[in-house]
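Residue-level structural notes
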Amino acid sequence: EPLWALSRRAQDTHLWLMPDFAFWSWDLPGLGPYDGVVSQIEKNEGEDGGWSRKVPTLFWRGKLPMAPKLRNELIAVTRGKEWSDVEPLVPYVVHAVEQSNYASAADQCNSMLIAHVEGDHQSLQPKPDCNC
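Summary of the structure given here. Only a predicted model underlies this, so the values are computations on that prediction, with no experimental measurement involved.

1. Observations regarding the overall build of the chain
- A tally of regular secondary structure across the chain gives four helices and five strands.
- Secondary structure elements of the chain occur, N-terminal to C-terminal, as β-β-α-α-β-α-β-α-β.
- Buried positions account for 23% of the 132 residues belonging to the chain.
- Put simply, of all contacts in the chain between residues at least 6 apart along the chain, 57% involve residues at least 24 apart.
- Split by element, the accessible area of the chain, about 10,000 Å² in all, is 57% carbon and sulfur.

2. Describing unusual backbone geometry
- Look at Ala67: it is not a glycine, yet its phi comes out positive at around 60°.
- Inspection of the secondary structure puts Ala67 in the loop between strand S3 (55-62) and helix H3 (68-78).
- By relative accessible area, which is 34% here, Ala67 ends up partly exposed.

3. With respect to the nonpolar core
- Among the nonpolar cores identified, the biggest contains eight residues, and these are Leu58, Trp60, Leu70, Leu74, Ile75, Val86, Ala115 and Val117.
- Secondary-structure elements contributing two or more residues to this core are S3 and H3.
- Top contributing element to this core by residue count: H3, with three residues.
- Look past the residues within four positions of Val86 in its chain and what remains in contact with it is Leu58, Trp60, Arg61, Leu74, Ile75 and Thr78.

4. So, the environment of Met66
- Residue placement: Met66 occurs in the loop between S3 and H3.
- Taking the C-alpha atoms as reference points, Met66 and Val117, 51 residues apart in sequence, are found 9.9 Å from one another.

5. Side note on the environment of Leu17
- Examined against the element boundaries, Leu17 turns out to sit in strand S2 (residues 15-17).
- The exposure class of Leu17 is partly exposed, given its relative accessible area of 44%.
- In contact with Leu17, other than residues within four places in its own chain, are Ala5, Leu6, Ser7 and Arg8.

About the thresholds
Residues numbered from 1 in each chain as written. Predicted model: local features only at pLDDT ≥ 70, side-chain atom pairs only at ≥ 80, totals over all residues. Heavy atoms only, no water. Helix = DSSP H or I, 4+ residues; strand = E, 2+ residues; numbered from the N terminus. Buried < 20%, exposed > 50% of the residue type's maximum accessible area, 1.4 Å probe, protein only. Contact = heavy atoms within 4.5 Å. Areas by Shrake-Rupley, 256 points an atom, 1.4 Å probe, with all protein chains shown as cover. Core = buried A, V, L, I, M, F, W, Y, C linked by side-chain atoms within 4.5 Å.

Now the structure itself:
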């Protein structure tokens, strides 16, 4: 079965490239071209993938009206956890930059884990025997 990915190496023929359409819809000043974002991520990651510098957190930002049940549940089960950097997106407003919790794609890669909450997922509630 094909797997969708945002990027791949030449030998990864089993991966089906799918562009990140969200990037093109972000209405943010200074976002820059996509290849510039990718170059910044590659620079930040370095040879070891930047793993030694990554923060041990789960990162997610998003708008609650899109998949509200799933996204609200994600926020509820991660609230107060020391490893959580999960928050609803506070929109970027030109005159209130300091109030936004927006993080660039390159900044998001500073976390060890990135949450992706789309599609038909099962409940995010931990299993009864989970120590999370």
